[in-house]
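Spelled out from the first residue to the last, the chains are:
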Amino acid sequence: MTLAPLSILCPQCGSSDVVYSCKPDCCFNHVCSKCYTTFEPVTTKVGELKGDVGPMPPDADPTAPTAACARCGETKLFAVVEAGTPSGRLLCVSCKALLALELSEVSPG
Ligand SMILES: [Zn+2]
Ligand SMILES: [Zn+2]
């Protein structure tokens, strides 16, 4: 298992050119650079990592997509990659919760 920076596709046009436009202490509003659709990612806990997290990827830049852990509220979430294939799950490296990502508040631009 390896960890990769979070990437979120626009729910409207499928672009990966998505920018986080706010701060975690305010809201999780994201905006698509292609079609200006806005949305907020939310997570639900689906499991628990047993064992070590392994090597951490470097810190993402502040405008990279992010979301809050459903359990602890931290924003240290990474995509879980199994044998080179994204598993669709996220890991909170603060509390080791495995999370599923959903998009809410979708507002087409
Ligand atoms: Zn879009
Ligand atoms: Zn957590």
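Just above sits the structure.
Summary of the structure given here. (Residues numbered from 1 in each chain as written. Chains lettered and ligands numbered in written order. Predicted model: local features only at pLDDT ≥ 70, side-chain atom pairs only at ≥ 80, totals over all residues.)

A word on the overall build of the chain
If you tally the helices and strands in the chain, you get 0 helices and 7 strands. In the chain, the order of α-helices and β-strands from amino to carboxyl end is β-β-β-β-β-β-β. Judged by the C-alpha coordinates and their principal axes, the chain covers about 40 × 30 × 25 Å. The proportion of buried residues among the 109 residues of the chain is 17%. When contacts within the chain are restricted to residue pairs at least 6 apart in sequence, those whose partners lie at least 24 apart make up 60%. (Helix = DSSP H or I, 4+ residues; strand = E, 2+ residues; numbered from the N terminus. Buried ≥ 20, exposed ≤ 12 C-beta atoms within 10 Å, placed from the backbone. Contact = placed C-beta atoms within 7 Å.)

A closer look at the pairing of strand S6 (residues 85–92)
Summarising the sheet, strand S5 (residues 77–82) and S6 pair through 5 bridges and their orientation is antiparallel. Paired with glutamate 82 across the bridge in S6 is threonine 85. Linking S5 back to S6 in an antiparallel pair, the connection comprises 2 residues, with alanine 83 at a positive phi of about 50 degrees. Bridge count for S6 against strand S7 (residues 97–107) is 3 bridges, and the pairing is antiparallel. Across the sheet, leucine 90 pairs through a bridge with leucine 99, a residue of S7. In this antiparallel pair of consecutive strands, S6 and S7, the connection spans 4 residues, and lysine 96 shows a positive phi of 65 degrees. (Pairing = 2+ DSSP bridges.)

A short note on the pairing of S5
The pairing of strand S1 (residues 2–4) with S5 spans 3 bridges and is classified as antiparallel. Residue pairing across strands places alanine 4 opposite alanine 79, the latter belonging to S5.

Thoughts on the environment of serine 107
By the element assignment, serine 107 lies in strand S7. Excluding anything up to four places from it in sequence, serine 107 contacts Thr37, Thr38 and Phe39.

Regarding the nonpolar core
Leu6, Phe28, Ala67, Cys69, Leu77, Leu90, Leu91, Cys92, Ala97 and Leu99 together form the largest nonpolar core, which totals 10 residues. Mapped by element, the contributors of at least two residues to this core are S6 and S7. Per-element tally for this core: the top contributor is S6, with 3 residues. In this structure, leucine 91 is in contact with Leu3, Leu49, Leu77, Phe78, Val80, Lys96 and Leu98, ignoring residues within four places of it in sequence. (Core = buried A, V, L, I, M, F, W, Y, C linked by C-beta atoms within 7 Å.)

Purely geometric stuff here, so don't read any function into it on its own.
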